[in-house]
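Structural overview
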Amino acid sequence: MAQDPCDEPGAVCTAAWKIDDDVITVTATGNASEVEDTGQAVTIIGREEIEEVQGADLTRVLERAPGVAISRNGGIGGVTSVRVRGAEAEQLLVIVDGVRVADPASPSGGFDFGNLTTGNLDKIDLLRGSNSTIWGSDAVGGVLVATTRDETGFAASAEYGARDTIFGTATGGVQTDQFYIGASGSYLTTDGFSAAASGSEADGFEQWDIAGRTSVYVSDRITLFARGRYAEGDLDIDGFANVAPFGLIDTGEYQKTQQYSAATGLSFDNGPLYLTAAYSFADTERQNFNPAFGTAPGFTSDGHSDRVELRGEWRPIGPLIINFGGENEWTSLETNFTARQETRIAGAYAQLGIEFGGLSGHLGVRHDDHRDFGGATSFGADISYEVAEDIRVRASVGEGFKAPSLFQLFSDFGNDTLQPEQSTSFDLGLAWHNRNDPFYAGITAFQRDSENQIEFVSCFGVTGGICTNRPFGTYDNVGKVRAQGFEVELGANPSDTFGVAAVYAYVDTENRTAGAANEGNVLARRPKHALTFSADWETPLAGLTVGGDIRMVGDSFDDAGNFTRLDGYHVVTLRASVPFGETVELFGRVENVFDEDYQTAAGYGTAGRGAFVGARAKF
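Described in the following lines is the structure provided in the data block. Source: prediction; values computed, not measured. (Residues numbered from 1 in each chain as written. Predicted model: local features only at pLDDT ≥ 70, side-chain atom pairs only at ≥ 80, totals over all residues. Heavy atoms only, no water.)

Glancing now at the overall build of the protein chain. Regarding its fold elements, the protein chain presents four helices and 35 strands. A compact globule built from 619 residues would reach a C-alpha radius of gyration of about 25 Å, and the protein chain, at 24 Å, matches this within 12%. The principal-axis extent of the C-alpha atoms belonging to the protein chain is close to 70 × 55 × 45 Å. Classification of the 619 residues of the protein chain by burial places 54% in the buried group. The contacts in the protein chain between residues at least 6 apart in sequence include a share of 60% that link residues at least 24 apart. Total accessible area on the protein chain stands at roughly 25500 Å², and carbon and sulfur atoms take up 59% of it. (Helix = DSSP H or I, 4+ residues; strand = E, 2+ residues; numbered from the N terminus. Rg over C-alpha atoms; globule rule 2.2 N^0.38 Å. Buried < 20%, exposed > 50% of the residue type's maximum accessible area, 1.4 Å probe, protein only. Contact = heavy atoms within 4.5 Å. Areas by Shrake-Rupley, 256 points an atom, 1.4 Å probe, with all protein chains shown as cover.)

What follows is the structure, encoded as structure tokens:
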């Protein structure tokens, strides 16, 4: 029977196989390729680095990528938005184990990172820039592909710390010549702190997260695979006062969330031709409760998607590569206020590439057809050229679009004539090595222009036109925005025992909607400056490693009108770990060492100083 091709030296492994190499990306072409072979900006973060950061909070890991801004409504588990290069949070396409996991029932159809923790993740693959040519809808600001753990043997970890926080993980897997089967799980519980910055009642969070995968090696060329994930969370939240001054206050409200997703299919690989065919689905169910109004949920929602797709890579001759694919997706939403609504979108793409010596380049086109708004065509191109040893010039241009969400189309505020949001992005950069090499550096300048941005339109005092039968407002394609700036990455690991790294991004955003009240304003929750510095040193003392991160973020505004300022902040984390033998490691950290008081969303609190200790073991 077939061996796992990832066991072969130098093999490039695709999504159907085990991926260990932290220089392999799938975000650029839809198939596995090396980061140096794309002109697009890609950051890969592997399991070793995730464990180095410590803890359940994924945002502390994502802050190590340039151009990423985070906002959160309270503590871990609260609504968490990730904005890439100044794009809207909903304009980041998020894929977990090959499944699109955005919630079709959310107002803008995005993904809430509050329900994704680090415990089960093996790898994060983040592309920054528009790439709807390969991925279709939602890939305006970028694409994030997360892969769950697929290790062999057994590993587990547990930690305890501030606010009675307990976080435990376990993973295991078995591999033979005929199959691989593995599973991972994590549990998080914390008493938390008040989501309302002015409050005193702690708002806790509890979550179970389970993932599993299997591959059956039918022959040297054919592999069957299946992957699945289930997460269930209970979150305490705070609400708004119904009397003046109407601010965020302590309340007894809470939310229950269930997410489940799965994919199954087969891959075929005969060398020149690689194909993957798969069916996948994702579902997000939410229930919001307010004990002040009884025990029944005040709001319920269910967002569901089903998807069939085919992706392939063909190397017909020499350096030529053709990436291609097509998919069909059906999405639906249902709430206790909105009857079931559904839509469909289908698309296909082709991309011609070349890899010859120090030159790599791609040129592609895609067309999508949406049941409600019609067609959208996207183009994209990139080039990477080695101008000197280990020094590459990279450039890319990409188009992106985001289909209107079902809520924007069909809810009580809906407008079924909406068109997709559209973007065009450019970037130009210079890279020396990559972030997995002992020394690396890179600088990238970028610009993205977006139009047809979907925004909420007030209908106060207006009864005709777009406001007909929409007394409380509706959605319309009215926005134009620009985001531009540059990113810098630096890293040095002069020895096996010491390393430092830094990422910085300058992101200048502007509302360019002619005649709008907010024309010329900075976009909400987009700080111009963000820097993350990290360092680790393995001391001569029994393998003790000490390190830390510094996260510095500049001022921003909480609202489109630029009336409410969010002050900049800096947060320092110190950490340490020490091995005991070859299988056990003790670790600990202090987050927010200087007890910085700051907000990433106006009115919502953030965590103060907290200490955590834990242990992990691998067998």
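Back to the text.
Turning to the side chain of Asp368, a few remarks are in order. The residue Asp368 is located in strand β22 (residues 359–370) in this model. Under the relative-accessibility criterion, Asp368 is labelled buried at 4%. A polar contact is formed between the side chain of Asp368 and the side chain of Arg366, at a distance of 2.7 Å. Aside from chain neighbours lying at most four places away, what touches Asp368 is Gly136, Ile345, Ala346, Gly347, Gly374, Gly375, Ala376 and Phe401. (Polar contact = N/O pair within 3.5 Å; in protein donor to acceptor, adjacent residues only side chain to side chain.)

This part takes up the nonpolar core. In terms of nonpolar packing, the biggest core is built from 26 residues, with Phe113 and Leu144 touching the most fellow members. For this core, the elements supplying multiple residues, two or more each, are α1 (47–53), α2 (59–62), β4 (68–72), β5 (80–84), β6 (92–96), β8 (121–128) and β9 (142–148). Grouped together as the second largest cluster of nonpolar side chains are 16 residues, Ala28, Val35, Ile134 and Ala139 included. (Core = buried A, V, L, I, M, F, W, Y, C linked by side-chain atoms within 4.5 Å.)

Across the eight residues of β8, eight count as buried, placing the element largely inside the fold. The sheet contact formed by β8 and β9 spans seven bridges and is antiparallel. Residue pairing for β9: Leu126 is matched across the bridge by Leu144. (Pairing = 2+ DSSP bridges.)

Enumeration according to the criterion identifies 45 salt bridges in this entry. Glu51 serves as the salt-bridge partner of Arg616, at 3.9 Å between the closest nitrogen and oxygen. Pair noted here: Arg616 is in strand β35 (residues 610–618) and Glu51 is in helix α1, with a separation of 565 residues, a long-range link. Judged by its relative accessible area of 14%, Glu51 is buried. The closest approach of N and O atoms between Asp138 and Lys402, which form a salt bridge, is 3.3 Å. Here Asp138, found in the loop between α3 (132–135) and β9, pairs with Lys402, found in strand β24 (residues 391–402); they are 264 residues apart in sequence, far enough to count as distant. Exposure class is identical for Asp138 and Lys402. Each is buried. (Salt bridge = Lys/Arg side-chain N within 4 Å of Asp/Glu carboxyl O.)

Along the chain, the position of Phe587 falls in strand β34 (residues 584–591). Note: C-alpha distance between Phe587 and Thr545 (42 residues apart in sequence) is 9.2 Å. Once you skip the residues sitting within four places of it in the chain, Phe587 turns out to touch Gln54, Ala158, Glu159, Ala576, Ser577, Phe612, Val613, Gly614, Ala615 and Arg616.

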